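# Observations on the model geometry
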Amino acid sequence: MSSINYSDKIPNNVNLSEDRTLQRALEQWQPNYLEWWNDMGPDGSQNSEVYLRTAVSVDPQGWAQFGHVKMPDYRWGIFLNPGEQDRKIHFGDHKGEAAWQDIPGEYRANLRRIIVTQGDTEPASVEQQRHLGQTAPSLYDLRNLYQVNVEEGRHLWAMVYLLHKYFGRDGREEGEALLQRRSGQADNPRILQAFNEATPDWLSLFMFTYFTDRDGKFQLCALAESSFDPLARTTKFMLTEEAHHMFVGESGISRIIARTCAAMNELKTDDTVRLRAAGVIDLPTLQRYLNFHFSVTIDLFGADESSNAAIFY
Ligand SMILES: [Fe+2]
Ligand SMILES: [Fe+2]
């Protein structure tokens, strides 16, 4: 179960070739995905060879294989963590019952909404970040950005697989809509506001990966407990990749702050004009970025008292 079939058009560890209808539907979605990547993925990156990790299996030895790849040739695929034997539901009215391998009719609409909303954030962040490659502070940062982008692309694949496999025609339509919405576009925006904000510079990216990917981690941790077992298994695997996204934010912000503090010590000043002239980002500016990204991210958790949260629990 954990080894990935790379001879299929779509790498997977879900025996895709045994379900021809599903395989065909996903193979029809694949060129549309690639078209989206070419239009909306990292700007000016299509021909560069990037040193990227690709998952070749979900076990600790195989989930991160490094090599040079051109990003449009990245092997996006469908990977689920192995199922836990006799997994039980841990929450709500069905607590103690066996986890669902299929979707009970009464929860279909809610599960669809959860999966679509999660899925929508993945391509959205790629769109938000698409121009940053042009202004990367270093090759190290550029590689990190591209690594995050290809993995967000794979996270979209993970959700589209669930939509296609478990939601029939509705799911296929949602899969198309996920490629049609655009971050920040007035007439067809992404679902959640944080994913419609601009990410115009690298300080924004580092704040985004520090805070918003951390929100992503909380959401994925919640989904990893889902009563719907395939959702739990796919999000568990996504979480292994999310750790690196937060690292990008944390290491980016720490490097900026360290450099600012060094300049403040050297020049014996906290004067913003002098510090900017010395080529560092002053603390009030950092604080403003932090306030913005923190607020926008906290909004993703919704209201303190929420009927949706109660239903989902
Ligand atoms: Fe993601
Ligand atoms: Fe992420």
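In case you missed it, the structure is sitting above this.
Our subject in this report is the structure included herewith.

Each value, and the rule that gives it
Think of each chain on its own: its residues are numbered from 1, step by step along the sequence as written. Ligands are numbered from 1 and chains lettered from A, in the order in which they are written. In keeping with the predicted nature of the model, local features appear solely for residues at pLDDT of at least 70, side-chain atom pairs appear and are counted solely at 80 or more, and the whole-chain, interface and lining totals rest on all residues. Only hydrogens and water are removed before side-chain values are computed, so all heavy atoms of the structure are retained for them. For salt bridges, the criterion is a side-chain nitrogen of Lys or Arg within 4 Å of an Asp or Glu carboxyl oxygen. What counts as a helix is a DSSP run of H or I of at least four residues, what counts as a strand is a run of E of at least two, and both are numbered from the N terminus. Partly exposed describes any residue whose relative accessible area lies between the buried limit of under 20% and the exposed limit of over 50%, with all areas from a 1.4 Å probe on protein chains only and scaled to the type maximum. Shown as donors are all N, O and S atoms within 2.8 Å of a metal ion, widened to 3.2 Å for Na, K and Ca; because water is not in the atom set, sites may appear incomplete. For four-coordinate sites, all angles between 85 and 135 degrees define a tetrahedron; for four- and six-coordinate sites, opposite donors beyond 155 degrees with the remaining angles between 65 and 115 define square planar and octahedral shapes respectively, and all other cases count as irregular.

Per the counting criterion, the structure on display carries 14 salt bridges. Between Arg87 and Asp229 there is a salt bridge; the shortest N-O distance is 2.7 Å. Highlighted residues: Arg87 in the loop between strand 2 (65-70) and helix 2 (108-128) and Asp229 in helix 6 (residues 229-267), separated in sequence by 142 residues. Exposure class is identical for Arg87 and Asp229. Each is buried. Between Arg190 and Asp120 there is a salt bridge, with the nearest N and O atoms lying 2.8 Å from each other. In this pair, Arg190 sits in the loop between helix 4 (168-180) and helix 5 (202-223) while Asp120 sits in helix 2, placing the two residues 70 residues apart along the sequence. Of the two residues, Arg190 and Asp120, neither departs from the other in class, the shared state being buried.

A few words on the coordination of the iron ion (ligand 2). Binding of the iron ion (ligand 2) to the protein goes through Glu152 (OE), Asp213 (OD), Glu242 (OE) and His245 (ND1), at separations of 1.9 to 2.1 Å. The coordination sphere of the iron ion (ligand 2) comprises four donor atoms, whose angles at the metal cover 81 to 171 degrees; the geometry is irregular. On the primary sequence, the residues serving as donors to the iron ion (ligand 2) are separated as E-x60-D-x28-E-x2-H. Separating the iron ion (ligand 2) from the iron ion (ligand 1) is a gap of 3.5 Å, bridged by Glu152, which donates to each. In this pair, Glu152 is assigned in helix 3 (residues 139-166) and Asp213 in helix 5, connecting sequence segments 61 residues apart. This pair shows no difference in class: Glu152 is buried, exactly as Asp213 is.

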